[in-house]
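Remarks on the overall topology
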Amino acid sequence: MTDTPPLADGYEISTDPHRIDAERVHRWLSTDAYWAIGRAREKQDRAIEGSLNFGVYETVSGEQVAYARVVTDRVTFAWLCDVYVNPSARGKGIGTALVGAVREHLRPYGLKRMLLATHDAHGVYEKLGFAPLEKPGQWMALCF
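Residues numbered from 1 in each chain as written. Predicted model: local features only at pLDDT ≥ 70, side-chain atom pairs only at ≥ 80, totals over all residues. Heavy atoms only, no water.

An unreviewed UniProt entry annotates the protein chain as GNAT family N-acetyltransferase originating from Streptomyces sp. R28.

As structure tokens, this is what we get:
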């Protein structure tokens, strides 16, 4: 499936950086996301500042319930990262709708590829057209 899934009633997605609840995002990621456990608040704030950010919010309260971050040049490449849905909002398709919205937001740029890494959410991303690298032997990483 590559259609953009609808967002559950009562929620909205925004790319307005002023709406990001940086304290909440930091708490989520640094305490509950395996890839960011212990990440310093200063690092998270710098990551937010240097990225295209997506938030999902309850329409009535305005409370942020999900987050995704994209590192991109908006021309050739994007890296989707820090996708997180608050446990109280899980099971409503919010994560799938959020990633679909990210994909559609980036589509007009004509990017060659968008990458991501996941330990346990392959099924969510596969529904939206993501697939394992065709030639993983061509990719390398420099880890610090």
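Quick look at the overall build of the protein chain
For clarity, the cut-off: Counting from the N terminus, the helices are DSSP H or I runs at least four residues long and the strands are E runs at least two residues long. Throughout, the radius of gyration refers to the C-alpha atoms, and the reference size of a globule is 2.2 Å times the residue count to the power 0.38. For every residue, the accessible area obtained with a 1.4 Å probe (protein chains only) is divided by the maximum for its type, and the residue is called buried under 20%, exposed over 50%, and partly exposed between those limits. Any pair of residues with heavy atoms lying within 4.5 Å of one another is described as a contacting pair. Accessible surface area values rest on a Shrake-Rupley calculation with a 1.4 Å probe, where residue burial reflects the displayed protein chains alone. In this tally, Asp and Glu contribute negative charge and Lys and Arg positive charge; neither His nor the terminal groups of the chain are included. Throughout, a charge is located at the NZ atom of Lys, the CZ atom of Arg, the CG atom of Asp or the CD atom of Glu.
Secondary structure assignment for the protein chain yields four helices and five strands. Ordered by position from the N terminus, the helices and strands of the protein chain form the series β-α-α-β-β-β-α-β-α. The C-alpha radius of gyration computed for the protein chain amounts to 15 Å, which stays within 12% of the reference 15 Å derived for 144 residues, consistent with globular compactness. Projected onto its principal axes, the C-alpha coordinates of the protein chain cover approximately 45 × 35 × 30 Å. Residues classed as buried in the protein chain amount to 40% of the 144 residues present. Long-range contacts, defined here as pairs at least 24 residues apart, represent 62% of the contacts in the protein chain between residues at least 6 apart. If you sum the accessible surface of the protein chain, you get close to 8600 Å²; carbon and sulfur atoms cover 54% of it. A gap of 5 Å separates the mean positions of the 17 positive and 18 negative side-chain charges of the protein chain.

Considerations on the pairing of strand 4 (residues 77-85)
Applicable threshold: Strands are treated as partners if at least two bridges between them are detected by DSSP.
In terms of burial, strand 4 is a largely internal element, seven of the nine residues being buried. Relative to strand 4, strand 3 (residues 64-72) is paired through six bridges, and the arrangement is antiparallel. Within strand 4, the position partnered with tyrosine 67 by the bridge is tyrosine 84. Between strand 3 and the antiparallel strand that follows it, strand 4, lie four residues; arginine 74 among them carries a positive phi value of about 60°.

Topic: the environment of tyrosine 109
Following the sequence through the fold, tyrosine 109 ends up in the loop between helix 3 (94-106) and strand 5 (113-115). Given a relative accessible area of 32%, tyrosine 109 falls into the partly exposed group. Between the alpha carbons of tyrosine 109 and phenylalanine 77 there is a distance of 9.5 Å; along the sequence they are 32 residues apart. Among all residues touching tyrosine 109, those that are not within four sequence positions of it are Arg74 and Val75.

Things to note about the sheet that holds strand 2 (residues 52-58)
Let me state the cut-off plainly: Throughout, an axis means a line fitted to C-alpha atoms (over the contacting stretch in the case of helices), and angles, computed between N-to-C directions, take values from 0 to 180 degrees.
Ordered in space as 1-2-3-4-5, the five strands form an open sheet in which the pairing is mixed. Either end of the sheet is taken by a strand with one partner, and the two such strands are strand 1 (11-14) and strand 5. The mean inter-strand angle of the sheet, taken between neighbouring strand axes irrespective of direction, is 20°. For strand 2 and strand 3, the ladder comprises six bridges, and the chain directions are antiparallel. Across the sheet, glycine 55 pairs through a bridge with tyrosine 67, a residue of strand 3. Across the sheet, helix 1 (residues 22-32) touches strand 3 and strand 4, and the angle it forms with strand 3 is around 80°.

Here we look at the packing of aromatic side chains
To keep things clear, this is the line we draw: Centres within 6.5 Å are what make two rings of Phe, Tyr or Trp a pair, Trp counting through its six-membered ring; a difference in plane orientation under 30 degrees is then read as stacked, over 60 as edge-to-face, and the rest as tilted. Two limits define a charge over a ring: the Lys NZ or Arg CZ must be within 6 Å of the ring centre, and within 35 degrees of the ring normal.
Evaluation of the coordinates by the stated rule reveals three aromatic pairs. Between tryptophan 28 and tyrosine 84, the aromatic rings sit 5.2 Å apart at their centres with planes inclined by 25°, giving stacked as the arrangement. Note that tryptophan 28 is positioned in helix 1 and tyrosine 84 in strand 4, a separation of 56 residues in sequence. On the accessibility criterion, tyrosine 84 (4% relative accessible area) is buried. Between tyrosine 34 and tryptophan 35, the ring centres sit 5.0 Å apart and the planes meet at 85°, which makes this aromatic pair edge-to-face. The class of tryptophan 35 is partly exposed, set by a relative accessible area of 36%. We note arginine 19 situated over the ring of tyrosine 57; from NZ or CZ to the ring centre the distance is 4.0 Å. Across from the ring centre of tyrosine 84, 5.1 Å away, lies the NZ or CZ of arginine 90, which sits over that ring.

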